[in-house]
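One letter stands for each residue in the lines below.
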Amino acid sequence: MKAMILAAGLGKRMRPLTDHCPKPLLPVAGKPLIVHHLERLREAGFDEVVINVSYRAKQIMQALGDGTTYGLRIYWSQESVPLETGGGIRQALPLLGEAPFLLVNGDVWCDALPNPQALSHDDLAHLILVDNPSHHASGDFGLSAGRVTQTSAQRFTYAGIAVIHPDLVSGHPQRAFALAPLLRNAIDHQRVSGEHYRGRWVDVGTPERLCELDFQLQNDRR
């Protein structure tokens, strides 16, 4: 199975930190945020990773190269204009192939990647869900007997980590489009499984949360 890291965003919520440094390269505990992902992917047994880039693309590509430093092979999907999450994935499909792949948002952090799960017959996605953080207390989805729902009383937050089947995005008529509506439609048609991840996880979406994560990881080293 291949993996894809979404790294093409503008990082608007991270300004002014991202005015001159793309979000994936912002330092956390002495290394760029995206390098934490690369290390986790290698630990999980991955050796091929696709990364989509747009904002300050050359800066990211020059920093990471072909992935040899991290024991991986990196393939780059460059976007002349941002294509949003769904459009970015669809453009990268020739690099990802026809099999399901692990998708990781570039602006989250977790202490270990869950073992990628093979999709059940006819499923389009398998979502990793986490307990709701304080800044997203209402959550995103429910989980019942391993199936993701939109109607459950107990809700969890989508961790930005999933196994995705290419069919989820391949037939979309637009060039730039979001992934979330496609996931919700697939959930409504009972084509999405899921699991509750109980490890450490952070949505690194603001300078404050970036600083807090950096502080926590630095303390872990002491």
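Conventions we followed
- Residues numbered from 1 in each chain as written.
- Predicted model: local features only at pLDDT ≥ 70, side-chain atom pairs only at ≥ 80, totals over all residues.
- Heavy atoms only, no water.
- Helix = DSSP H or I, 4+ residues; strand = E, 2+ residues; numbered from the N terminus.
- Rg over C-alpha atoms; globule rule 2.2 N^0.38 Å.
- Buried < 20%, exposed > 50% of the residue type's maximum accessible area, 1.4 Å probe, protein only.
- Contact = heavy atoms within 4.5 Å.
- Areas by Shrake-Rupley, 256 points an atom, 1.4 Å probe, with all protein chains shown as cover.
- Polar contact = N/O pair within 3.5 Å; in protein donor to acceptor, adjacent residues only side chain to side chain.
- Lys, Arg positive; Asp, Glu negative; His and termini not counted.
- Salt bridge = Lys/Arg side-chain N within 4 Å of Asp/Glu carboxyl O.
- Pairing = 2+ DSSP bridges.
- Expected span 1.5 Å × (residues − 1).
- Bend = angle between axes of the 7 residues up to and from the residue.

K.L.:
How should I be thinking about the overall build of the chain in this particular structure?
P.N.:
A count of helices and strands for the chain gives six helices and 13 strands. Taking 222 residues into account, the globule formula puts the C-alpha radius of gyration at 17 Å, and the chain, at 17 Å, falls close to it. By principal-axis analysis of the C-alpha atoms, the chain measures approximately 40 × 40 × 30 Å. Of all 222 residues assigned to the chain, the portion counted as buried reaches 50%. Put simply, 75% of the contacts in the chain that link residues at least 6 apart link residues at least 24 apart. Counting only carbon and sulfur atoms, one obtains 50% of the accessible surface of the chain, whose full area is about 10500 Å².

K.L.:
Please explain the side chain of H196 as it appears in this structure.
P.N.:
Relative to the elements of secondary structure, H196 occurs in strand β12 (residues 192-196). Note on H196: relative accessible area 19%, which makes it buried. Here D131 takes part through its side chain, which lies 2.9 Å from a polar atom of the side chain of H196. Beyond its immediate sequence surroundings of up to four residues, H196 is in contact with L129, V130, D131, L143 and F156.

K.L.:
Could you clarify how one ought to interpret the environment of V50 in this entry?
P.N.:
Checked against the element boundaries, V50 lands in strand β4 (residues 48-53). By relative accessible area, which is 0% here, V50 ends up buried. Spatially, the C-alpha atom of V50 lies 23 Å from that of V192, the residues being 142 residues apart in sequence. Once residues within four sequence positions are removed from consideration, V50 is found in contact with A3, M4, I5, Y75, S77, A92, L95 and L96.

K.L.:
Just checking my understanding: could you explain unusual backbone geometry for this structure?
P.N.:
Negative phi is the rule for most residues except glycine; trans is the rule for most peptide bonds. Following R15, the chain continues to P16 via a peptide bond in cis, the omega torsion being 10°. Of note, P16 is situated in the loop between β1 (3-6) and β2 (27-28). Positive phi outside glycine occurs at D122, with the angle close to 80°. Mapped onto the elements, D122 comes out in the loop between β7 (108-110) and β8 (125-130). In the Ramachandran plot, A145 falls in the positive-phi region, its phi being about 55° despite a non-glycine side chain.

K.L.:
Looking at this model, I keep getting lost on the side chain of D140. Mind explaining?
P.N.:
Summarising the element assignment, D140 is placed in the loop between β8 and β9 (141-144). R184 provides the closest opposite charge to the buried, salt-bridge-free D140, at an N-O distance of 4.5 Å. At a separation of 2.8 Å, a polar atom in the side chain of D140 contacts the main-chain amide nitrogen of Y158. Those residues in contact with D140 that lie beyond four places of it in its chain are R155, F156, T157, Y158 and R184.

K.L.:
Can you walk me through the pairing of β9 in this structure?
P.N.:
Within a regular beta strand, the side chains point alternately toward one face of the sheet and then the other, so they alternate between its two faces. Sheet topology note: the β9/strand β11 (residues 155-164) ladder contains two bridges and is antiparallel. Residue pairing in the sheet places G142 in a bridge with R155 of β11. Here β9 folds back onto strand β10 (residues 147-149) in antiparallel fashion, the turn holding two residues, of which A145 has a positive phi close to 55°.

K.L.:
Honestly, the pairing of β8 in this entry has me stumped. Any pointers?
P.N.:
Burial runs high along β8: six of the six residues are buried. What you see with β8 is no split at all: A125, L127 and L129 on one side and H126, I128 and V130 on the other are buried throughout. Inspection of the sheet shows β8 paired to β11 by five bridges, in the antiparallel sense. What sits directly across from A125, in β11, is I164. Pairing of β8 with β12 involves five bridges; the strand directions are parallel. Counterpart to H126 in the pairing with β12 is S193.

K.L.:
Where do I start with helix α3 (residues 84-96) in this structure?
P.N.:
An α-helix turns once per 3.6 residues; consequently, residues spaced three or four apart project the same way. Here α3 contains 13 residues, and its C-alpha end-to-end distance of 17 Å stays within 8% of the 18 Å for a straight helix at 1.5 Å per residue. Along its length, α3 shows its largest kink, about 30°, at R90, and proline P94 lies within four residues downstream of that point. Every buried residue of α3 is accounted for by G86, G87, G88, I89, A92, L93 and L96. Residues of α3 that are buried sit in contact with β1, β4, β5 (73-78), β6 (101-105) and α4 (167-170). Of the residues one or two after α3, G97 is the one with positive phi, at around 90°.

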